[in-house]
Amino acid sequence: SQTIHQWPATLVQPVGSPLSLECTVEGTSNPNLYWYRQAAGRGLQLLFYSVGIGQISSEVPQNLSASRPQDRQFILSSKKLLLSDSGFYLCAYRGSYNSPLHFGNGTRLTVT
Amino acid sequence: AQRVTQPEKLLSVFKGAPVELKCNYSYSGSPELFWYVQYSRQRLQLLLRHISRESIKGFTADLNKGETSFHLKKPFAQEEDSAMYYCALRVYNFNKFYFGSGTKLNVKP
């Protein structure tokens with residue numbers, strides 16, 4: 001069966017520090033991978049998506065970047081966090097063309 | 001541009017009452033619409049999709065292309081339906097899913 005793992009669950013980081021959030025998928029090959037940010041009252045904002053290794057599309061300009069070093073691994077990064085980067089980050093995958101999105105449990109990031 | 005609008009941030013109904021969560025979309029192509037639900041302390045999960053034309057947990061949603069709507073309905077709300085509901089649009093030939101801002105449904109006893 002297909003599963004998605006996302007970690008850490010919570011993270012508190014000081015302003016200016018780097019960030020690395022990791023997401024891995026099991027049970028499927030060549031999934032489409034996504035990073036969303038969930039903000040209260042603003043819904044889910046699509047940040048990045050990837051259709052294959054090394055292929056990253058960015059939806060909005062921001063302080064964050066994404067990478068896909070392996071087929072089922074998706075990483076969200078920042079070199080220097082800003083206060084405005086605080087939020088709830090969700091990783092999601094789609095196993096095949098007609099599949100819906102499946103979400104991970106999310107990471108609550110607090111930048112202090 | 002593609003956009004999904006959920007006009008209600010919060011919807012409160014009594015148990016047994018009908019419920020309708022509104023969703024409107026704007027997209028010039030052929031859309032695929034979904035409803036996702038997030039129960040307290042659980043991950044976001046798919047509730048239903050328009051191409052399946054099925055009822056899940058008593059909920060139904062019909063795609064109305066004329067009104068560009070995909071409202072979620074249930075004739076008799078239950079307390080366990082209390083959750084956050086998101087409407088989502090998938091853009092065909094692309095790999096993007098756009099979500100609305102969500103509606104929190106509160107079913108009172």
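Below you will find a few notes about this structure.

Reading the values: rules and limits
Residues numbered from 1 in each chain as written. Chains lettered and ligands numbered in written order. Predicted model: local features only at pLDDT ≥ 70, side-chain atom pairs only at ≥ 80, totals over all residues. Heavy atoms only, no water. Helix = DSSP H or I, 4+ residues; strand = E, 2+ residues; numbered from the N terminus. Rg over C-alpha atoms; globule rule 2.2 N^0.38 Å. Buried < 20%, exposed > 50% of the residue type's maximum accessible area, 1.4 Å probe, protein only. Contact = heavy atoms within 4.5 Å. Areas by Shrake-Rupley, 256 points an atom, 1.4 Å probe, with all protein chains shown as cover. Lys, Arg positive; Asp, Glu negative; His and termini not counted. Charge placed at Lys NZ, Arg CZ, Asp CG, Glu CD. Core = buried A, V, L, I, M, F, W, Y, C linked by side-chain atoms within 4.5 Å. Disulfide = S-S within 2.5 Å. Pairing = 2+ DSSP bridges. Axes fitted to C-alpha atoms, helices over the stretch in contact; angles between N-to-C directions. Buried area = accessible area lost by both parts, 1.4 Å probe. Salt bridge = Lys/Arg side-chain N within 4 Å of Asp/Glu carboxyl O. Polar contact = N/O pair within 3.5 Å; in protein donor to acceptor, adjacent residues only side chain to side chain. Nonpolar A, V, L, I, M, F, W, Y, C, P; charged D, E, K, R; others polar.

1. Quick word on the overall build of chain B
- Across its full length, chain B carries 0 helices and 11 strands.
- Taking 109 residues into account, the globule formula puts the C-alpha radius of gyration at 13 Å, and chain B, at 13 Å, falls close to it.
- Within chain B, the proportion of its 109 residues that are buried is 47%.
- Within chain B, contacts between residues at least 6 apart in sequence are counted, and of these 59% link residues at least 24 apart.
- Summed over its atoms, the accessible surface of chain B is roughly 5600 Å², and 49% of this surface lies on carbon and sulfur atoms.
- The average position of the 16 basic charges and that of the 9 acidic charges among the side chains of chain B differ by 7 Å.

2. Examining the nonpolar core
All names here are of chain B.
- Among the nonpolar cores identified, the biggest contains 27 residues, and W35, L72 and Y85 are the most heavily contacted of them.
- Breaking this core down by element, the ones donating at least two residues are β2 (10-14), β3 (19-21), β5 (31-38), β6 (45-49), β9 (83-91) and β11 (103-108).
- The biggest single contributor to this core is β9, with 5 residues.
- The residues touching L72, leaving out its near neighbours within four places in the chain, are V19, E20, L21, W35, L47, L48, F59, T60, A61 and Y85.

3. Observations regarding the state of the cysteines
Residues and elements named next belong to chain B.
- Within this structure, the stated rule accounts for 2 disulfides over all chains.
- Through a disulfide, C23 is tied to C87; the S-S separation comes to 1.9 Å. Judged by the torsion about the S-S bond (-65°), the C23/C87 disulfide is left-handed. With C23 in the loop between β3 and β4 (24-26) and C87 in strand β9, this residue pair connects regions lying 64 residues apart in the sequence. As far as the burial class goes, C23 and C87 line up, both buried.

4. Description of the sheet that holds strand β7 (residues 65-70) of chain A
Residues and elements named next belong to chain A.
- Strand order in this open sheet of 4 strands is β1-β3-β8-β7, and the pairing throughout is antiparallel. Because the sheet does not close on itself, it has two edges, and the strands there are β1 (3-7) and β7. Between one strand and the next, the sheet's axes are offset by a mean angle of 20°, whatever the strand orientation.
- Pairing of β7 with strand β8 (residues 73-78), which is carried by 4 bridges, proceeds in the antiparallel orientation. Considered in β8, the bridge of S67 is made with I75.

5. So, the interface of chain A and chain B
- Every contact between the two is made by 23 residues of chain A and, on the other side, 20 residues of chain B.
- Interface of chain A and chain B: buried area, both sides summed, is about 1800 Å²; carbon and sulfur atoms make up 48% of it.
- Summed over the shared surface of chain A and chain B, the number is 1 salt bridge.
- Where chain A packs against chain B, one counts 12 residue pairs in polar contact (both at pLDDT 80 or more).
- Contributions of two or more residues to the side of chain A that touches chain B are made by β4 (32-39), β5 (43-52) and β9 (87-94) of chain A.
- Among the elements that make up the side of chain A that touches chain B, the one with the highest residue count is β5 of chain A (5 residues).
- Class assignment for the residues of the side of chain A that touches chain B results in 12 nonpolar, 8 polar and 3 charged.

6. Side note on the side chain of Q73 of chain A
Residue and element names in this part refer to chain A.
- Summarising the element assignment, Q73 is placed in strand β8.
- A distance of 2.6 Å separates a polar atom in the side chain of Q73 from a polar atom in the side chain of E22.
- Aside from chain neighbours lying at most four places away, what touches Q73 is E22, C23, T24, L33, S67 and R68.

7. Things to note about the sheet that holds β3 of chain B
Residue and element names in this part refer to chain B.
- In space, the 3 strands of this open sheet follow the order β3-β8-β7, with antiparallel pairing throughout. Edge positions in the sheet fall to β3 and β7 (60-61), since each of these pairs with one other strand and no more.
- Across 2 bridges, the pairing between β7 and strand β8 (residues 72-74) is antiparallel. By the bridge assignment, A61 is partnered in β8 with L72.

The quantities given are spatial measurements derived from coordinates; they are silent on function.
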